[in-house]
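What follows is the residue order along each chain.
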Amino acid sequence: MSEKTNIRIGVSIGDLNGVGLEVVMKTFADERMLDFCTPVLFASNKVIAFGKKQFGIDFTYNGIVHLNSIIDHKINVMNIWRELPPIQLGVPTPESGQCALDSLSAAVAALKEGVVDVLVTAPINKKNIQSESFHFPGHTDYLAQELEGDSLMFMVSDELRVGLLTDHLPLKDVVKNLSQELVEKKIRLMEASLRMDFGVIRPKIAVLGINPHCGDQGVIGNEEEKIIHPVVQKLYKEGILVFGTYSADSFFVSDYKHFDAVIAPYHDQGLIPFKMMSFGKGVNFTAGLSKIRTSPDHGTAYAIADRGIADESSFRQAVYTAIDIFRRRTENEELIANALDVNSLDKGFLSKEKGD
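Residues numbered from 1 in each chain as written. Predicted model: local features only at pLDDT ≥ 70, side-chain atom pairs only at ≥ 80, totals over all residues. Heavy atoms only, no water.

If you check an unreviewed UniProt entry, the protein appears there as 4-hydroxythreonine-4-phosphate dehydrogenase PdxA from Capnocytophaga gingivalis.

1. Focus: the overall build of the protein
The secondary structure content of the protein amounts to 10 helices and 12 strands. For 356 residues, the compact-globule estimate of 2.2 N^0.38 gives 21 Å, and the protein sits close to it at 22 Å. When the backbone C-alpha atoms are referred to their principal axes, the protein occupies close to 75 × 60 × 40 Å. Expressed as a percentage of the 356 residues in the protein, the buried residues total 51%. Sequence-distant contacts in the protein: of pairs separated by 6 or more residues, those separated by 24 or more amount to 75%. As displayed, the protein offers around 16,800 Å² of accessible surface, 51% of which is attributable to carbon and sulfur atoms. Here the protein holds 37 positive side-chain charges and 47 negative ones, and the gap between their average locations is 1 Å. (Helix = DSSP H or I, 4+ residues; strand = E, 2+ residues; numbered from the N terminus. Rg over C-alpha atoms; globule rule 2.2 N^0.38 Å. Buried < 20%, exposed > 50% of the residue type's maximum accessible area, 1.4 Å probe, protein only. Contact = heavy atoms within 4.5 Å. Areas by Shrake-Rupley, 256 points an atom, 1.4 Å probe, with all protein chains shown as cover. Lys, Arg positive; Asp, Glu negative; His and termini not counted. Charge placed at Lys NZ, Arg CZ, Asp CG, Glu CD.)

2. As for the pairing of strand β2 (residues 37-43)
When you tally the buried positions in β2, you get 7 out of 7 residues, the bulk of the element. Residues Cys37, Pro39, Leu41 and Ala43 line one face of β2 and the alternating positions Thr38, Val40 and Phe42 line the opposite face, and both faces are buried. Pairing of strand β1 (residues 7-12) with β2, which is carried by 6 bridges, proceeds in the parallel orientation. Note on β2: the bridge partner recorded for Ile9 is Pro39. (Pairing = 2+ DSSP bridges.)

3. Here we look at the environment of Gly199
For Gly199, the position within the fold is in the loop between α6 (180-198) and β8 (204-208). Taking the relative accessible area as the measure of exposure, Gly199 reaches 44% and is therefore partly exposed. Placed 129 residues apart in sequence, Gly199 and Arg328 show a C-alpha to C-alpha distance of 7.5 Å. Apart from residues lying up to four places away in sequence, Gly199 is in contact with Leu194 and Arg328.

4. Examining the packing of aromatic side chains
Summed over the entire model, instances satisfying the criterion amount to 15 aromatic pairs. With 6.3 Å between their ring centres and 85 degrees between their planes, Phe28 and Phe315 make a pair best called edge-to-face. Pair noted here: Phe28 is in helix α1 (residues 20-29) and Phe315 is in helix α10 (residues 313-355), with a separation of 287 residues, a long-range link. Exposure class is identical for Phe28 and Phe315. Each is buried. (Phe/Tyr/Trp six-rings, centres within 6.5 Å; stacked < 30°, edge-to-face > 60°.)

5. Things to note about the packing of helix α3 (residues 94-113) against helix α4 (residues 139-146)
Interaxial distance between α3 and α4 falls to 12 Å at its minimum, and their mutual angle equals 40 degrees. If you check the angle between α3 and α4, you find them oblique. Pair α3 / α4 crosses with right-handed handedness. On α4, the residues touching Leu104, Ser105, Val108 and Lys112 of α3 are His139, Tyr142, Leu143 and Glu146. Looking at the contact of α3 with α4 residue by residue, the classes come out as 4 nonpolar, 2 polar and 2 charged. (Axes fitted to C-alpha atoms, helices over the stretch in contact; angles between N-to-C directions. Parallel < 35°, antiparallel > 145°, perpendicular 65-115°, else oblique. Left-handed = near helix turned anticlockwise from the far one by under 90°. Nonpolar A, V, L, I, M, F, W, Y, C, P; charged D, E, K, R; others polar.)

6. Considerations on α4
Taken residue by residue, α4 has His139, Thr140, Tyr142 and Leu143 as its buried positions. Within α4, the buried residues cover an arc of 165 degrees as seen down the axis, which keeps them to one side. Buried-residue contacts for α4 involve α3, β5 (118-121), β6 (149-156), β11 (283-289) and β12 (292-296). (Arc of directions from axis to C-beta.)

7. Brief notes about the sheet that holds strand β9 (residues 241-246)
Ordered in space as β3-β4-β2-β1-β5-β12-β11-β6-β7-β10-β8-β9, the 12 strands form an open sheet in which the pairing is mixed. The sheet is open, and its two edges are formed by β3 (62-64) and β9, each paired on a single side. Direction aside, neighbouring strands of the sheet carry axes that sit 25 degrees apart on average.

8. Quick notes on the pattern of salt bridges
The full count for this structure, using the stated rule, is 14 salt bridges. The partner of Asp197 in a salt bridge is Arg329, and the shortest N-O contact between them spans 2.6 Å. With a gap of 132 residues between them, Asp197 in helix α6 and Arg329 in helix α10 connect regions that are remote in the sequence. Accessibility assignment for this pair places Asp197 and Arg329 in one class, buried. (Salt bridge = Lys/Arg side-chain N within 4 Å of Asp/Glu carboxyl O.)

9. A closer look at unusual backbone geometry
The peptide bond linking Gly244 to Thr245 adopts the cis configuration, its omega dihedral lying at 15 degrees. Within the fold, Thr245 resides in strand β9. At His213, a position not held by glycine, the phi torsion is positive, near 55 degrees. Looking at the element boundaries, His213 is found in the loop between β8 and α7 (223-237). Using a relative accessible area of 43% as the deciding quantity, one classes His213 as partly exposed. Residue Ala301 is not a glycine yet carries a positive backbone phi of 50 degrees. Considering the arrangement of structural elements, one finds Ala301 in the loop between β12 and α10.

The structure is reproduced here in structure tokens:
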């Protein structure tokens, strides 16, 4: 089975006033990364020069102005700005928001065109990136619009995988945005991703309740009975190993160990335990799309952006995860293609026998 060794990693640089530039440069300054991937950073030579001086990072790269000039197994910097944008480390500004959007838009375009194989995004500020062309609560919803498929925010690590029924919503809007149709769609997305992207043959999925103690049989809420349980029962009858609901206040003590993934109704319910167990090693993966996108499990971290102490571990893990998923999807596609070829040969052989 073939294995692509020069997987091209498109990197959106994120908010230039946060830690994105630092963790990206620290990750790819390790020359061993270039043995199995080709990074393409959507920024500019002057931005990289700023980062080298600011953070004292030894960083050799190939500056390009056209994507057809990418050199494999080298760090490539796609120049999307001619001048150095105004950088005020630690301070969110309209300019840094616009630069984050410029980088993201260019990287997504390259991903859609197949120039890069996967996308890894550095952190953005969800407020200062808002504009006429970006009116989303985060990367996930933007990518769902730009790329084919339905999206699932899927936080993954070696210890735990957590998906969300709703992601960046105010808590007061969670219940009114839940429906049986949404629950079914998200569970199916998770089950398919576990099989296709993570190689889990028979995934076991747990679903958390919405209310404290899953509503205590209707005493403190009946959304579990009305919205979630009918879907769980339906999918289980179809052969999908989905179970629940489980009370979120105790589930992460030990129950999570019996499942391949858990799906939580709202953001903090799933991400607080995930980050407590996996922070710095976790990855945000946008499952369900035709293309692969990952990001680190942290934000812009403005408070330390000018200190040169940002830990690149999560960003590096996001690169590894994107590569692993790309290879697994490629292997699956080859297996399917080979199976079709064998079926075609069998049909041709049988037809020939009948003719004889």
